[in-house]
Amino acid sequence: MSALPQPAVRGVGLSQIFEGRTIYKNVSFEVARGQVYAILGGSGSGKSTLMKQAIGLLRPAAGRIEVLGRDMYGDRGAGEDDDVLREIGVMFQSGALFGSMSLLQNVMLPLEMYTDLPLAGREAVARTKLGLVGLADAADMNPAEVSGGMTKRAAIARALALDPPLLFLDEPSAGLDPITSAGLDRLILELRDTLGATFVVVTHELASILAIADRCLMLDSVAQGMIAEGDPRELRDSSTQPTVRAFFRREAMA
Amino acid sequence: MTAGSNASVLVSERDGFRVLTYAGRLDAVGAGRVWKSTMWAARQRLPLIFDLARVTLCDTAGATMLVFAEEAQGAPARIEGATPEIEAVVMRVRETPRRPVHEAVSRAQTVRQEAMTAYRDVSDVIVYIGEALVALGKLPMRRRMWRGADFWRTADQAGVRAVPLVLLLGVLIGLILAFQSLVPLRRFGADLYAADLVGISLARELGPLLAAVILSGRTGSAFAAEIGTMKVNEELDALATMGLDSMTMLVLPRLVAATLVMPALTIIMELAGLVGMTMVLKGFGFAPVTVWNQIAYWVVAKDVIGGLVKSMVFGAAIALIGCRAGLTTGVGPRAVGISATRAVVGGIVASIVIDGLFALAFYRLNV
Ligand SMILES: Nc1ncnc2c1ncn2[C@@H]1O[C@H](COP(=O)(O)OP(=O)(O)O)[C@@H](O)[C@H]1O
Ligand SMILES: [Mg+2]
């Protein structure tokens with residue numbers, strides 16, 4: 001790895017077109033290592049799509065994206081490269097837990113794939129992760145048996161399984177009660193501070209954005225692209241873009 | 001978690017303490033390398049010291065290993081040389097609630113549970129059959145809930161579309177049976193009696209049973225999958241909240257359709273079997289007319305009618321079992337598959353058991 005402080009994620013001029021419909025174009029951003037970076041925007045503005053491009057699942061129509069210094073869609077296809085994939089943890093919007101396994105087994109799966117931990121070790125580590133997200137008592141349940149919020153938390157635990165230096169979370173706190181949601185914010189900051197992990201978080205929770213995000217970008221489906229980028233507190237105080245102001249003001253007054 | 005992930009542990013003893021000196025990265029990969037030595041050292045009963053001065057990184061996986069070791073040893077370990085960050089991670093993991101690894105369930109508990117489940121299953125079946133009968137009785141008052149479209153679709157799917165398969169299977173079975181029985185009978189000069197043998201076994205047993213096997217495999221499983229998918233999608237709950245009875249709306253049309261198509265399938269199967277048999281006998285030099293006269297003389301109406309009555313009971317049993325498998329579908333992605341399997345196996349087993357009961361009854365009644 002080079003000695004230069006490389007950004008964890010860098011997107012340059014990214015566009016996405018689905019069936020002739022432009023979702024966004026010319027989106028550029030940089031996530032510094034150790035930052036919590038929030039992706040904001042109304043539903044359908046392309047937040048999940050942008051995240052899928054970043055993790056190597058969806059080739060952008062134009063532009064390039066680098067993750068941990070590797071071009072995800074370059075000649076060497078980092079998007080299929082185990083070394084890069086092992087360093088990122090992903091929580092999908094729907095959770096995407098494997099329904100045929102218990103929550104515990106879901107979290108143990110990456111440990112089984114990538115480490116030599118013995119069974120007891122994998123189980124102990126997986127139980128710690130479930131404990132971190134407050135699911136110690138639900139470890140042996142199946143995904144179909146737990147509530148939506150618990151599914152999200154289990155998915156986060158699975159994303160955390162290998163303590164990856166870079167985590168992508170798609171709406172982690174949507175559908176969670178405020179207490180759990182605040183606990184999740186605390187967990188993200190703790191992991192960032194103790195392990196230096198980088199987070200890219202899709203979220204709507206204003207309180208959580210202001211509490212944890214170092215920077216953010218906002219997508220908009222009318223503008224078909226990025227309408228703001230920067231420190232969320234500065235955007236709240238001084239943005240002149242009407243949609244950005246509406247987003248921060250409405251919530252702030254509520 | 002880079003490829004250069006490297007961890008080692010040195011175990012020594014100092015002043016009655018077991019000292020574990022770690023170096024390198026204690027992440028999930030690193031912990032995997034030193035897990036066994038750590039646990040071995042923790043079992044030695046001496047109080048532990050973790051020397052983490054040369055550890056470059058310790059994440060929650062590494063911390064879990066340390067906490068797991070001190071739990072195995074029985075007392076909190078002393079931590080030396082750790083950076084504040086590492087210490088924070090270990091403290092965090094110590095505070096994190098975590099169920100013990102491998103919770104044992106006692107044998108007696110399992111047995112008791114199994115017995116309870118079996119008991120509940122049996123009583124559920126009885127209740128279910130009762131409910132189906134009640135629904136049938138109340139049908140005139142609930143005519144709005146009767147799904148005629150469902151009935152016709154099911155009859156088409158279970159009956160008309162099964163005909164090609166029934167024909168093929170019938171002819172093949174007729175051929176095989178005739179051939180297999182002709183050879184030994186020929187030694188006694190009783191070749192023609194192969195026609196009676198095949199005719200009677202088809203009418204009394206094989207026709208209804210083979211039709212039942214086909215219905216189980218094609219239709220019973222489909223009932224379970226259809227209704228099971230509705231259960232998984234909470235469509236059954238939606239019906240219930242609208243005050244609609246799933247027994248009347250879903251089970252009855254399928255029950256009636258399966259019961260009514262079975263005699264037709266059975267007759268077709270039997271005729272196809274006789275055609276197959278005639279082909280074999282013709283090959284051995286008997287004119288078809290001779291064969292048919294022989295059958296008409298020996299196979300009497302009560303054989304055929306008895307078989308058809310049986311087939312209707314098989315059809316009802318298969319439909320009820322398939323629908324029940326669907327209604328009792330569990331949760332998760334495998335649940336529907338499990339229900340379909342239960343429907344097929346249950347349908348075939350039930351048909352054969354019922355067949356045995358009929359044999360007993362016919363014998364007693366001298367039919
Ligand atoms: N695979 C796909 N095929 C076609 N359109 C898609 C696909 N995935 C997403 N879209 C469309 O792209 C837009 C952005 O979707 P998404 O990124 O999921 O939005 P969100 O910001 O709510 O996460 C939506 O209008 C959606 O309909
Ligand atoms: Mg989304």
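In the block above lies the structure referred to throughout.
Anyway, here's the lowdown on the structure attached to this text. (Residues numbered from 1 in each chain as written. Chains lettered and ligands numbered in written order. Predicted model: local features only at pLDDT ≥ 70, side-chain atom pairs only at ≥ 80, totals over all residues. Heavy atoms only, no water.)

## Focus on the pairing of strand S9 (residues 215–220) of chain A
Residue and element names in this part refer to chain A. Basically, it comes down to this: Burial classes follow relative accessibility: with a 1.4 Å probe on protein chains only, a residue under 20% of its type's maximum area counts as buried, one over 50% as exposed, and anything between as partly exposed. Helix and strand definitions follow DSSP, with helices as H or I runs of at least four residues and strands as E runs of at least two, each counted in order from the N terminus. Each pair of strands is called paired provided DSSP finds at least two bridges between the two strands.
The buried count for S9 comes to five of six residues, which makes it a mostly enclosed element. One ladder, built from five bridges, connects strand S3 (residues 36–41) with S9; its direction is parallel. By the bridge assignment for S9, Tyr37 is matched with Arg215. Relative to strand S10 (residues 225–230), S9 runs antiparallel, the two sharing five bridges. Pairing of Cys216 across the sheet is with Gly230, part of S10. The turn joining S9 and S10, which pair antiparallel and follow one another in sequence, is formed by four residues; a positive phi near 50 degrees is taken by Gln224.

## Overview of the sheet that holds strand S2 (residues 21–31) of chain A
Residues and elements named next belong to chain A. The following threshold applies: Any pair of residues with heavy atoms lying within 4.5 Å of one another is described as a contacting pair. Fitted lines through C-alpha atoms serve as axes, helices being fitted only where they are in contact, and the angles separating the N-to-C directions of these axes extend from 0 to 180 degrees.
Strand order across the open sheet formed by four strands is S2-S1-S4-S5, with antiparallel pairing between neighbours. The sheet is open, and its two borders are formed by S2 and strand S5 (70–71), each paired with just one other strand. Packed on one face of the sheet, helix H1 (residues 47–54) meets strand S1 (9–18), S2 and strand S4 (62–67) and runs near 125 degrees to S1.

## Digging into the pattern of salt bridges
Let me state the cut-off plainly: We define a salt bridge as a contact between a side-chain nitrogen of Lys or Arg and a carboxyl oxygen of Asp or Glu at a distance within 4 Å.
Under the counting rule described, the total for this entry stands at 29 salt bridges over all chains. Arg92(B) is the salt-bridge partner of Glu190(A), the closest N and O atoms lying 2.3 Å from each other. Of this pair, Glu190(A) sits in helix H6 (residues 178–195) while Arg92(B) sits in helix H3 (residues 84–95), which puts the two residues in different chains. Judged by relative accessible area, which is 21%, Glu190(A) ranks as partly exposed. Overall, Arg92(B) belongs to the buried group, its relative accessible area being 16%. For Arg142(B), the salt bridge identified is with Asp245(B), shortest N-O distance 2.8 Å. One end of the pair, Arg142(B), is in the loop between helix H4 (107–138) and helix H5 (148–158); the other, Asp245(B), is in the loop between helix H8 (235–241) and helix H9 (246–283), and 103 residues separate them in sequence. By relative accessible area, Asp245(B) is classed as partly exposed at 23%. The network of salt bridges with common partners includes Arg10(A), Glu30(A), Arg64(A), Glu66(A) and Asp71(A).

## Some remarks on the sheet that holds strand S3 (residues 48–58) of chain B
Residues and elements named next belong to chain B. Taken together, the four strands give an open sheet; going across it, the order is S1-S2-S3-S4, and neighbouring strands pair in mixed fashion. Edge positions in the sheet fall to strand S1 (7–14) and strand S4 (78–80), since each has one partner strand and no second. Recorded for the sheet is a direction-independent mean angle of 20 degrees between the axes of neighbouring strands. Pairing between S3 and S4: three bridges, direction parallel. Bridged to Asp51 within S4 is Glu80. Relative to the sheet, H3 contacts S3 and S4, its axis offset from that of S3 by approximately 120 degrees.

## What to know about the site of ligand 1
All names here are of chain A. Using the following cut-off: Nearness is defined per residue: one heavy atom within 4 Å of the molecule or strand is enough. Throughout this description, a polar contact denotes any pair of N or O atoms lying within 3.5 Å of each other; where both atoms belong to protein, one of them has to be capable of donating a hydrogen while the other can accept it, and for residues adjacent in sequence the pair is counted only when both atoms sit in side chains. Note on areas: Shrake-Rupley with a 1.4 Å probe; residue coverage comes only from the protein chains shown.
Taken together, the neighbourhood of ligand 1 is formed by Phe18, Glu19, Arg21, Ile23, Gly42, Ser43, Gly44, Ser45, Gly46, Lys47, Ser48 and Thr49. Separating an oxygen atom of ligand 1 from a backbone N or O atom of Gly44 is a distance of 2.8 Å. Within the side chain of Ser48, one N or O atom sits 2.7 Å away from an oxygen atom of ligand 1. Contact with the protein chains hides 64% of the accessible area of ligand 1, taken as 560 Å² for the molecule alone. Looking at the shell around ligand 1, the elements that each hand over two or more residues are S2 and H1. Broken down by element, the residue count for the shell around ligand 1 peaks at three residues, all from H1.

## Let's talk about the interface of chain B and chain A
Put simply, an interface is often sized by how much accessible area is lost when its parts join up. Quick reminder of the rule: Buried area, as used here, totals the accessible surface that two parts lose on assembly, with accessibility defined by a 1.4 Å probe and the loss added over both. Polar here means any residue other than Ala, Val, Leu, Ile, Met, Phe, Trp, Tyr, Cys and Pro, which are nonpolar, and Asp, Glu, Lys and Arg, which are charged; Gly is therefore polar.
With 30 residues of chain B at the interface, the matching set in chain A holds 34 residues. Summed over both sides, the interface of chain B with chain A buries roughly 2,800 Å², with 66% coming from carbon and sulfur. Scanning the region where chain B abuts chain A turns up two salt bridges. Mapped onto the side of chain B that touches chain A, the elements with two or more residues apiece are helix H1 (28–42), helix H2 (60–73) and H3 of chain B. The element best represented in the side of chain B that touches chain A is H1(B), accounting for six residues. Taken together, the residues that form the side of chain B that touches chain A break down as 16 nonpolar, seven polar and seven charged.

## Focus on the packing of aromatic side chains
Definition in use: Any pair of Phe, Tyr and Trp rings, taking the six-membered ring for Trp, is counted once the centres come within 6.5 Å. Such a pair is stacked with planes under 30 degrees apart, edge-to-face with planes over 60 apart, and tilted for the rest. Criterion for a charge above a ring: Arg CZ or Lys NZ at most 6 Å from the ring centre, at most 35 degrees from the ring normal.
For the structure shown, the criterion picks out ten aromatic pairs over all chains. What links up through ring pairs into an aromatic cluster is the set Trp146(B), Phe151(B) and Trp152(B). Stacked on the ring of Phe98(A), the Lys or Arg Arg158(A) has its end atom at 4.8 Å from the ring centre. Between Arg78(B) and the ring centre of Phe17(B), over which it is positioned, the NZ or CZ distance is 4.9 Å.

## Thoughts on the packing of helix H7 (residues 193–232) of chain B against helix H11 (residues 301–327) of chain B
All names here are of chain B. Heads up, the condition is: Roughly parallel covers angles under 35 degrees, roughly antiparallel covers those over 145, roughly perpendicular covers 65 to 115, and oblique covers all other angles. Crossing handedness: left-handed means the near helix sits turned counterclockwise from the far one by under a right angle, and right-handed means the same turn made clockwise.
Contact geometry of H7 with H11 gives a least axis separation of 7 Å together with a crossing angle of 20 degrees. As summarised for this structure, H7 and H11 are arranged roughly parallel, according to the angle between their axes. At the point where H7 passes H11, the crossing takes the right-handed sense. Here the contact of H7 with H11 is composed, by residue class, of 16 nonpolar, eight polar and five charged.

## Looking at H1(B)
Residue and element names in this part refer to chain B. Rule in force here: For a residue, the bend is simply the angle between two axes, fitted respectively to the seven-residue segment ending there and the seven-residue segment starting there.
Val34 marks where H1 bends most, by close to 50 degrees. Burial analysis of H1 places eleven of its 15 residues in the buried class, the great majority of the element. Looking at H1, one finds that the buried residues are Ala28, Val29, Gly30, Ala31, Gly32, Val34, Trp35, Thr38, Met39, Ala41 and Ala42. Looking at where H1 begins, the residue whose side-chain oxygen comes 3.2 Å from the main-chain nitrogen of Val29 is Asp27.

## Quick notes on the coordination of the magnesium ion (ligand 2)
All names here are of chain A. Test applied: In this description, a donor is an N, O or S atom within 2.8 Å of the metal centre, a cutoff extended to 3.2 Å for sodium, potassium and calcium. Water is not part of the atom list, which can make sites seem incomplete.
Listed as protein donors to the magnesium ion (ligand 2) are Ser48 (OG) and Gln93 (OE1); their distances from the metal cover 2.0 to 2.2 Å. One end of the pair, Ser48, is in helix H1; the other, Gln93, is in the loop between strand S6 (88–91) and helix H3 (103–114), and 45 residues separate them in sequence. On the accessibility criterion, Gln93 (36% relative accessible area) is partly exposed.

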